[in-house]
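What follows is each chain in one-letter form.
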Amino acid sequence: GENVEQHPSTLSVQEGDSAVIKCTYSDSASNYFPWYKQELGKRPQLIIDIRSNVGEKKDQRIAVTLNKTAKHFSLHITETQPEDSAVYFCAASKLTGTASKLTFGTGTRLQVTL
Amino acid sequence: DAGITQSPRHKVTETGTPVTLRCHQTENHRYMYWYRQDPGHGLRLIHYSYGVKDTDKGEVSDGYSVSRSKTEDFLLTLESATSSQTSVYFCAISTNTEAFFGQGTRLTVV
């Protein structure tokens, strides 16, 4: 089955700096790569996703890049703010219709300091 | 919240007792999932369902069973709870654009 590795496990940045979280996956058939943000005590919520036919996607201060050949994808957050502090999870799956059986990475705790 | 509710939100139970967690959705989604979340492990898939009475195992299914007798309800049962099943359990549904999670159930087995 799919295996997703995520690094680093913790990341501390100063407000205004950029943060990068990296993930690798094992199953070349995976075609959908979402990123979830989970604030303390809350449910994971989707912040951005990318499909295998696209190399990069941006949404305001966040962006995701995908390298299918190397089987890795990354989350980039620019101009970090205190409200970006949370745990971030990458995931991978083979999307078929509305099925999205996600395999998650182990999470990155991002701390944005003032 | 994509119309997903989990119950109970918190539960403390004793080792060896059966426990059932409920996930209810109001939007007629076909696919439903149960994940558990543990520190250092992220979220791991326990079981999933692709329709009424159609279920399959995920990567950590041992000790768990599920049932889906109606589209809107997906039940997760711990037949005989163990301390290793202390965790936060999330139900999810998927659309053709993303997966949505319920609020989670914090289960403690003492």
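Described below are features of the structure shown in this document. (Residues numbered from 1 in each chain as written. Chains lettered and ligands numbered in written order. Predicted model: local features only at pLDDT ≥ 70, side-chain atom pairs only at ≥ 80, totals over all residues. Heavy atoms only, no water.)

### Quick notes on the pairing of strand E8 (residues 73-78) of chain B
In regular strands, side chains alternate between the two faces of the sheet.
Residues and elements named next belong to chain B.
Turning to step 1, where the next piece is worked out: Summarising burial for E8: five of the six residues are buried, a large majority.
Turning to step 2, where the next piece is worked out: One ladder, built from six bridges, connects strand E3 (residues 19-25) with E8; its direction is antiparallel. In the strand pairing of E8, Thr20 is matched with Thr77.
Turning to step 3, where the next piece is worked out: Linkage of strand E7 (residues 64-70) to E8, two consecutive antiparallel strands, is achieved through a turn of two residues. (Buried < 20%, exposed > 50% of the residue type's maximum accessible area, 1.4 Å probe, protein only. Helix = DSSP H or I, 4+ residues; strand = E, 2+ residues; numbered from the N terminus. Pairing = 2+ DSSP bridges.)

### Notes on the interface of chain A and chain B
Turning to step 1, where the next piece is worked out: At the junction of the two partners, chain A supplies 19 residues and chain B supplies 21 residues.
Turning to step 2, where the next piece is worked out: Here chain A meets chain B over a buried area of about 1800 Å², counting both sides, of which 54% is carbon and sulfur.
Turning to step 3, where the next piece is worked out: The interface formed by chain A and chain B contains zero salt bridges.
Turning to step 4, where the next piece is worked out: On the surface where chain A and chain B come into contact, there are four residue pairs in polar contact (both at pLDDT 80 or more).
Turning to step 5, where the next piece is worked out: Every element with two or more residues in the side of chain A that touches chain B is listed here: strand E4 (32-38) and strand E5 (45-51) of chain A. (Contact = heavy atoms within 4.5 Å. Buried area = accessible area lost by both parts, 1.4 Å probe. Salt bridge = Lys/Arg side-chain N within 4 Å of Asp/Glu carboxyl O. Polar contact = N/O pair within 3.5 Å; in protein donor to acceptor, adjacent residues only side chain to side chain.)

So, to be careful, I would describe these as geometric facts and stop short of saying anything about function.
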